[in-house]
Amino acid sequence: MLVHLVPLATSLPLSPLQRDGPTAPLLSRRQTSFEVVSGIQAFGIQPRLEIRQLEQNVDQWNIYLLGLAKFMATNQSDKLSYYQIAGIHGRPYSMWDGAGAAPDVYSPGYCAHVSNVFLTWHRPYLALFEQTLYQHIVDAVNEFPAGAVRQRYASVALSFRLPFWDWAATPPPGQSVYPTSVTSPEVTVTTPNGTATIANPLYAYNFHPVTHSDFYFDPFASWNQTMRYPTNWTTAAVVQDNLIGPILDNNRVSFQDRLYNLLTSYDNFTEFGNEAWMGPGASNKDSLESLHDAIHSITGGSGHVTYLDYSAFDPLFWLHHVMIDRSFALWQAINNDSYVEPMATLDQTFSFATGQVVNADSALEPFHSDADGDFWTSNAARFIRTLGYTYADLGDGSVSAVKAAVNTLYGNSAGSSALSRRRDSHSEVERELPGASNPDAQAPAQVTNGKYQEYLANIVSQKFALKRLWSISPNLVGTHAVFAALSAVDAASNPQMKRRGMDNAIQVSGTLPLTSMLLAKVQSGELPCMDVPTVTTYLLDNLQWRVGDFGGSEIPVEDVADLTITVVTAEVEPASAADEFPTWGDFTVLTNVTEGRPGGC
């Protein structure tokens, strides 16, 4: 066992504005002193769709691609260009929309990471991107000649919202979890002049131009387009998209187990949302941010998405972060009594100095909520409908409906609620044959006295010390990685950066579920059963971990600062209904599994 660290949219009726005549514009642009972030408000609350679902609506998909291409073509000096909005997240480390910097701050941009506002900061950020993209979609629609075709595109534009990429759900049969729509350099679209082949705006952003003054580090200051999994760090590098799908597919069960555990067993917002290490103790140390980091690492592979300061330029960033926001919204619907708690800033930003206490009323700069210069806060961004969107999986918003959706979407792998559905009130072992329609439900569950055993590997490291490892081993349990600014890797040797807080001492944590792989070993006959003594002995002999850099080279585990891997176990009581979750018991540390080994407890 290898632990790797590192339905169609509904068209709305035509609005009076559209029916007034062929020369009437679909929408008008706002004119204010500040860019007011409001989301798309004109045509009611609309759902954000999974990218494959959006692609099924041919007309809406077409105007999405046309609008995104226009957005990317906007002059990079424009405040509302793709380039400048992406640059809010990290480089070029410049002020946006008049939002000033905290005093004496060296920072990788405005974005908040390892923070209690990690999730809430990105919410208005996505809304800004969404409303700006929408204006370009409007412009693309209005370029079509007046008539039935333009009216058809205008109709589907009314319900458009940003799509998300679900990297945790079981993909359609025969498909990779990595959507084909993001892997081709070119795409065919319908334009006012007929069918055309254009550069795929979901594949890469083409800089026009890229400059050393903005991007600083080579090869990022030399690459003319965003790169995923580049062959090397030279100007001659090429994208290796063909490697990303297999790696993601090999990790997907781990992603699904992690997301399911986060949604079903975490009830505190701070612990659920950010990866800051909360201190010693036998507990589940995962977070949505830690899971988010793994996706960045794998899809980036030392390219733009890998690093905080460059990631938002890649169009995949937006699909990924809408998925993170959706996961956040699902958790909120289940846990509506826990939210942002005051916390001192650990990883400084353009607005928050290290040590500054941030709470639910702190300004989420640089996102203005009105023309007077007020900013969004976490309290203001708490409810997604305020920003004009929803997610279909929220259903009627009831806790039971959301729990049922979570069980259906993510409770299929052997280590999640598939176990909950295989209950036995007697002291016997239950087995279930592999599900013909569910490739994840393959491993036999073992429920004794109404409970089953979960096993997890908790990982603690310094934020900037841990990178990633090999992701295609057939015995891979999962991948743990961290998402940091490229500038942070030089902080230890740069006295000026250390004085300004860019040191490497921030501790973060994550979790890799072991249960699914262990159950697969039971099914194959390699592991007799799932009781604690048997599993402990098996893990002592078989659990391995490796660390590597983003170029794929192995790093001695003992050279990774403060890396600690601990295996824990807990008894879990299965759910009693399809709209209920399992109940986790207390965690016990299996100390001797990793004790005495490099990186062990």
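Note that this is a predicted model, so its numbers are computed, not measured.

A look at unusual backbone geometry
- Cis geometry is adopted by the peptide bond preceding Pro219, which originates at Asp218 and carries an omega value of 10 degrees.
- A cis amide bond, omega 10 degrees, links Glu365 with the succeeding residue Pro366.
- Mapped onto the secondary structure, Pro366 falls in strand 7 (residues 363-368).
- Unlike most non-glycine residues, Tyr216 shows phi in positive territory, near 65 degrees.
- Structurally, Tyr216 can be placed in the loop between helix 7 (212-215) and helix 8 (241-265).
- Overall, Tyr216 belongs to the exposed group, its relative accessible area being 54%.
- Positive phi outside glycine occurs at Ser302, with the angle close to 85 degrees.

Side note on the UniProt feature "domain: Tyrosinase copper-binding" (unreviewed entry) in the protein chain
- UniProt annotation of "domain: Tyrosinase copper-binding" (unreviewed entry) refers to residues 113-130 and 314-325 when read in the numbering used here.
- Each end of residues 113-130 is marked by a C-alpha atom, and these two atoms are 21 Å apart; helix forms 72% of the span and strand 0%.

Points about the environment of Val189
- Assignment of secondary structure puts Val189 in strand 3 (residues 186-191).
- C-alpha separation for the pair Val189 and Trp61, spaced 128 residues apart in sequence, amounts to 9.1 Å.

Description of the packing of helix 3 (residues 58-73) against helix 6 (residues 148-157)
- Where helix 3 contacts helix 6, the axes come no closer than 9 Å and their chain directions differ by 85 degrees. Relative to helix 6, helix 3 is oriented roughly perpendicular. Mapping the contact onto sequence places Asp59, Gln60, Asn62 and Ile63 in helix 3 and Arg152, Tyr153, Val156 and Ala157 in helix 6.
- Partitioning the contact of helix 3 with helix 6 into residue classes produces 4 nonpolar, 2 polar and 2 charged.

Points about helix 11 (residues 316-334)
- Compared with the 27 Å implied by 1.5 Å per residue over 19 residues, the 28 Å span of helix 11 between its first and last C-alpha is a close match.
- Most of helix 11 is tucked away: 19 of the 19 residues are buried.

Quick notes on the pattern of salt bridges
- One pass over the structure, following the stated rule, counts 16 salt bridges.
- Measuring nitrogen to oxygen at the nearest pair gives 3.8 Å for the salt bridge that ties Lys403 to Glu580. Here Glu580 lies in the loop between strand 15 (564-573) and strand 16 (583-589) and Lys403 lies in helix 12 (residues 399-410), a separation of 177 residues in the sequence.
- Residue class for Lys403 comes out buried when judged on its relative accessible area of 16%.
- A single salt-bridge network, built from bridges that share partners, covers Arg48, Arg123, Glu130 and Asp325.

As for the environment of Asn335
- Positionally, Asn335 belongs in the loop between helix 11 and strand 5 (343-344).
- When its relative accessible area of 9% is taken as the criterion, Asn335 is described as buried.
- Separated by 64 residues in sequence, Asn335 and Val399 place their C-alpha atoms 8.5 Å apart.
- The contacts of Asn335, once residues within four sequence positions are left out, are Tyr266 and Asp267.

Some remarks on the sheet that holds strand 12 (residues 507-513)
- Within the open sheet, the 4 strands sit side by side as 12-10-15-16. Their pairing is antiparallel. Bordering the open sheet on either side are strand 12 and strand 16, each of which pairs with just one other strand. The average angle at which neighbouring strand axes cross in this sheet is 30 degrees, direction not considered.
- Where strand 10 (residues 452-462) and strand 15 come together, 9 bridges link them in antiparallel fashion.

A few points about helix 5 (residues 118-142)
- With 25 residues, helix 5 should reach 36 Å at 1.5 Å per residue; the first-to-last C-alpha distance of 37 Å fits that figure.
- Across the 25 residues that make up helix 5, a large majority, 23, are buried.

Regarding the packing of helix 5 against helix 11
- Relative to each other, helix 5 and helix 11 sit at 125 degrees, their axes nearing to 10 Å. Considering their axes alone, helix 5 and helix 11 lie oblique with respect to each other. Helix-helix and strand crossings are classified by hand; for helix 5 and helix 11 the assignment is left-handed. For the pair helix 5 and helix 11, the contacting residues are Phe118, Leu119, Thr120, His122, Arg123, Tyr125, Leu126 and Phe129 in the first and Phe317, Trp318, His321, Val322, Ile324, Asp325, Phe328, Ala329 and Gln332 in the second.
- Residue composition of the contact of helix 5 with helix 11, grouped by class: 11 nonpolar, 4 polar and 2 charged.

A few points about the pairing of strand 12
- Counting buried residues in strand 12 gives 6 out of 7 residues, a clear majority hidden from the surface.
- In the sheet, strand 10 pairs with strand 12 via 7 bridges, with the strands oriented antiparallel. Within strand 12, the position partnered with Ala457 by the bridge is Leu512.

So, the confidence of the model for the protein chain
- Confidence along the protein chain averages 84 in pLDDT terms, with 82% of residues attaining 70 or more.
- Here residues 4-31 scores under 50 on pLDDT; set against residues more than four positions off or in separate chains, the count is 82 contacts.
- Contacts for the low-pLDDT stretch residues 414-439, under 50 throughout, to residues beyond four places or in other chains number 74 contacts.

Focus: the side chain of His320
- By secondary structure assignment, the location of His320 is in helix 11.
- Given the relative accessible area of 2%, His320 is considered buried.
- Not counting the four nearest positions on each side in its chain, His320 is found in contact with Trp167, His292, Ile295 and His296.

Regarding the packing of aromatic side chains
- This model, assessed by the stated rule, comprises 39 aromatic pairs.
- Ring centres 5.7 Å apart and planes at 55 degrees place the aromatic pair Phe207 and Phe313 in the tilted group. In this pair, Phe207 is assigned in the loop between strand 4 (194-199) and helix 7 and Phe313 in the loop between helix 10 (288-300) and helix 11, connecting sequence segments 106 residues apart.
- Using a relative accessible area of 8% as the deciding quantity, one classes Phe207 as buried.
- Relative accessible area serves as the criterion here: at 0%, Phe313 is assigned to the buried category.

Definitions and limits used
- Residues numbered from 1 in each chain as written.
- Predicted model: local features only at pLDDT ≥ 70, side-chain atom pairs only at ≥ 80, totals over all residues.
- Heavy atoms only, no water.
- Helix = DSSP H or I, 4+ residues; strand = E, 2+ residues; numbered from the N terminus.
- Buried < 20%, exposed > 50% of the residue type's maximum accessible area, 1.4 Å probe, protein only.
- UniProt positions renumbered as here; feature names shortened; annotations may be inferred.
- Axes fitted to C-alpha atoms, helices over the stretch in contact; angles between N-to-C directions.
- Parallel < 35°, antiparallel > 145°, perpendicular 65-115°, else oblique.
- Contact = heavy atoms within 4.5 Å.
- Nonpolar A, V, L, I, M, F, W, Y, C, P; charged D, E, K, R; others polar.
- Expected span 1.5 Å × (residues − 1).
- Salt bridge = Lys/Arg side-chain N within 4 Å of Asp/Glu carboxyl O.
- Pairing = 2+ DSSP bridges.
- Left-handed = near helix turned anticlockwise from the far one by under 90°.
- pLDDT = per-residue confidence, 0-100.
- Phe/Tyr/Trp six-rings, centres within 6.5 Å; stacked < 30°, edge-to-face > 60°.

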